[in-house]
Structure formats: C-alpha cells, structure tokens
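Okay, here's what each chain looks like letter by letter:
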Amino acid sequence: MKMFQYVVISSKGKPEEIWVCEHCRKKHAGQSFDGNWRLIDKCISDQMECAMCHAGQAGITEQADGN
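Cut-offs and rules
- Residues numbered from 1 in each chain as written.
- Predicted model: local features only at pLDDT ≥ 70, side-chain atom pairs only at ≥ 80, totals over all residues.
- Heavy atoms only, no water.
- pLDDT = per-residue confidence, 0-100.
- Contact = heavy atoms within 4.5 Å.
- Salt bridge = Lys/Arg side-chain N within 4 Å of Asp/Glu carboxyl O.
- Helix = DSSP H or I, 4+ residues; strand = E, 2+ residues; numbered from the N terminus.
- Pairing = 2+ DSSP bridges.
- Axes fitted to C-alpha atoms, helices over the stretch in contact; angles between N-to-C directions.
- Buried < 20%, exposed > 50% of the residue type's maximum accessible area, 1.4 Å probe, protein only.

Things to note about the confidence of the model for the protein
Argument step 1. Residues with a pLDDT of 70 or more make up 81% of the protein, whose mean pLDDT is 81.
Argument step 2. Confidence drops under a pLDDT of 50 for residues 58–67, and excluding neighbours within four residues, the segment shows two contacts in the predicted structure.

So, in structure tokens, the structure goes:
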C-alpha cells in the first residue's frame, strides 16, 4: 500500500508527523492546499498503519487470523 508522511499541525498548535494511506491522502487533499499538511516522505509498505483509518492494521490482523 502506498503511504505518505505528513507534518500536520495538531489541535494544540504543535507540528506532528503522521503516515496516511493513499485513500486518506485523497480524502483530505484540501488540508494540503490549506497548508495544514505538508508532505515530507512517501513509501510502499504493508507494515505501516494509516493514522486516519488504520488500514494497515486491518491487513495485518487478517493475515494473522488466516494462519
């Protein structure tokens, strides 16, 4: 799954780094245009968890149940 790392401004006004999946990146595209999200890295990984929808964790759980 494609993952994207962003620096976002938290509700407390502090910058935080989060990883999001491609679906959540598109869903929250307006945040990038507003300057609230700044892309700093990207990668392809099935081991990472999306900070917004937790998609990566669901895939790991399904694999563990299948064994």
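Brief notes about the pattern of salt bridges
Think of it this way: side chains of opposite charge can pair up when their charged atoms draw near.
Argument step 1. This model, assessed by the stated rule, comprises one salt bridge.
Argument step 2. The shortest N-O distance in the salt bridge between Lys26 and Glu22 comes to 4.0 Å. Here Lys26 pairs with Glu22, and both are found in helix H1 (residues 22–27), just four residues apart, close to one helical turn.

A word on the sheet that holds strand S2 (residues 15–21)
Argument step 1. Overall, antiparallel pairing links the three strands, which are arranged S2-S1-S3 in an open sheet. With one partner strand each, in any of the chains shown, S2 and strand S3 (37–44) form the two edges of the open sheet. Geometrically, the sheet is characterised by an average inter-axis angle of 25 degrees between neighbouring strands, direction not taken into account.

Some thoughts on the pairing of strand S1 (residues 2–9)
Argument step 1. Counting buried positions over the eight residues of S1 gives six, a clear majority of the element.
Argument step 2. Two elements, S1 and S3, share seven bridges in a ladder whose sense is antiparallel. By the bridge assignment for S3, Gln5 is matched with Asp41.
Argument step 3. Pairing of S1 with S2 involves seven bridges; the strand directions are antiparallel. Looking at the pairing, Tyr6 lines up with Ile18 of S2.
Argument step 4. Following S1, the chain reverses through five residues before pairing antiparallel with S2; Gly13 in that reversal takes a positive phi of roughly 85 degrees.

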